[in-house]
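# Geometric and topological summary
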Amino acid sequence: EIRREDFEEQFYTSALGSPLDFFFAGDDFVFNDMAEIIGFNLQASNGIIHAIDRVLIPPNDTPSPVTPAPVTAAPIATAPEIHTIFEWLSNQGAFGTVTAAILAAGLDDILDSIDENLGAPFTMFAPTKRAFERSLGPDGVEAILEDSDTLKEILLYHVI
């Protein structure tokens, strides 16, 4: 579990096994030269969530280019009770697409687990609904939700 204050400019390895490159750009925290963290340290019982403004695509997987529209970050609520990562995300409207993606990829049991043998505690970079639309476009979101293998790779790229 990596909290905002623990980040350093370095590479981390995702659950997919691919590197994630983090650096600071002024007050912004950017990784893989494309996504910014827009909500830090959202605590769950099995790890921590950081909301991001784009979907990260693992190396060698490139979606059709989409011209991004300007996005303003929606307020991210804090959970009144401590839930697992999956429970927390599924209770927040801003994360409806990533919740559907987790279910479609069959990762809900893992992200709902507190079992260290399954990798807990986790750090998840959770794209908001707007991030999915901005990164993949409406047709791309619909298509990716139907491709469970690619979806699983993309989601595991968002977990440390």
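Check the entry above for the structure.
My aim in this report is to walk through the structure given alongside it, one point at a time. (Residues numbered from 1 in each chain as written. Predicted model: local features only at pLDDT ≥ 70, side-chain atom pairs only at ≥ 80, totals over all residues. Heavy atoms only, no water.)

## Remarks on the overall build of the chain
- When helices and strands are counted, the chain shows 5 helices and 6 strands.
- Helices and strands appear in the chain in the N-to-C order β-β-β-β-β-α-α-α-β-α-α.
- Across the 160 residues that make up the chain, the buried fraction comes to 42%.
- Long-range pairs, those at least 24 residues apart, make up 63% of the contacts in the chain with a sequence separation of at least 6.
- As displayed, the chain has an accessible area near 8,100 Å², and 48% of this comes from carbon and sulfur atoms. (Helix = DSSP H or I, 4+ residues; strand = E, 2+ residues; numbered from the N terminus. Buried < 20%, exposed > 50% of the residue type's maximum accessible area, 1.4 Å probe, protein only. Contact = heavy atoms within 4.5 Å. Areas by Shrake-Rupley, 256 points an atom, 1.4 Å probe, with all protein chains shown as cover.)

## Comments concerning the packing of aromatic side chains
- Within this structure, the stated rule accounts for 5 aromatic pairs.
- Every member of this aromatic cluster is reached through a ring pair, and the members are Tyr12, Phe22, Phe24, Phe29 and Phe125.
- Above the face of the phenylalanine 40 ring, arginine 4 is positioned so that its terminal group lies 4.9 Å from the ring centre. (Phe/Tyr/Trp six-rings, centres within 6.5 Å; stacked < 30°, edge-to-face > 60°. Lys NZ or Arg CZ within 6 Å of the ring centre and 35° of its normal.)

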